[in-house]
Amino acid sequence: MGQNIVYEALETLYDYSFRLIDGINAAVEDFREQREDKGLEILPQIIEGLQWAIEVVFRTKYVLQEYEIEIEEEEIKDLLNELLDAVENQDYVLISDLLEYEIIELLKEWQKGLQKMNFQVN
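Treat the numbers as computed from the prediction; the structure is a model and nothing was measured.

> Sorry if this is basic, but what is going on with helix α4 (residues 73–88) here?
Helical geometry: 3.6 residues make up each α-helical turn, so side chains three or four residues apart lie on a common side. Between its first and last C-alpha, α4 extends 23 Å over 16 residues, near the 22 Å set by a 1.5 Å rise per residue. Looking only at α4, the buried set comprises Ile-76, Leu-79, Leu-83 and Ala-86. Each buried residue of α4 lies within a common arc of 85 degrees when the element is viewed along its axis, so the set occupies one face. Opposite the packed face of α4, turned more than 90 degrees from it, sit the exposed residues Glu-74 and Glu-88.

If you want it as structure tokens, here you go:
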């Protein structure tokens, strides 16, 4: 991947992560308020956004490591599998907990690291 493309992808990820967190918070609120149908409506978009974000992170891991951003691929995969199991089992409490306490925290951690980059394309 060319250096400019990498930095553009990471800058896009940084910007997008804020909207993704907002969407996750909305879904969590819906699940917590027992509006499962509404939460399930936006869950596919959240999962799609997470998949994209994770793909960017995995493909740019070599650059992220230069900025001391740790990417634990196995932990991320395990977290996604746990989320998918919760969806399959219609465990809305677990879905909410995973989204709120695991995934949002992961995204915020990435945001902190990405912020260090200042996105000055070389």
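> Explain the side chain of Ser-96 here, please?
One can find Ser-96 in helix α5 (residues 92–115). Beyond its immediate sequence surroundings of up to four residues, Ser-96 is in contact with Val-28, Phe-31 and Arg-32.

> So what exactly am I meant to see when it comes to the packing of α4 against α5 here?
Between two packed helices, what matters for the description is the angle formed by their axes and the separation of those axes. Look at α4 against α5: their axes get within 10 Å of each other, and the N-to-C directions meet at 155 degrees. As far as their axial angle goes, α5 and α4 are roughly antiparallel. Judged by the twist between their axes, the crossing of α4 over α5 is left-handed. Contact with α4, carried on its side by Ile-76, Leu-79, Glu-82, Leu-83, Ala-86 and Val-87, involves Leu-94, Ile-95, Leu-98, Leu-99, Glu-102, Ile-103, Leu-106 and Trp-110 of α5 and no other residues of that element. Across the contact of α4 with α5, the residue classes break down as 12 nonpolar, no polar and two charged.

Calculation rules
- Residues numbered from 1 in each chain as written.
- Predicted model: local features only at pLDDT ≥ 70, side-chain atom pairs only at ≥ 80, totals over all residues.
- Heavy atoms only, no water.
- Helix = DSSP H or I, 4+ residues; strand = E, 2+ residues; numbered from the N terminus.
- Expected span 1.5 Å × (residues − 1).
- Buried < 20%, exposed > 50% of the residue type's maximum accessible area, 1.4 Å probe, protein only.
- Arc of directions from axis to C-beta.
- Contact = heavy atoms within 4.5 Å.
- Axes fitted to C-alpha atoms, helices over the stretch in contact; angles between N-to-C directions.
- Parallel < 35°, antiparallel > 145°, perpendicular 65-115°, else oblique.
- Left-handed = near helix turned anticlockwise from the far one by under 90°.
- Nonpolar A, V, L, I, M, F, W, Y, C, P; charged D, E, K, R; others polar.

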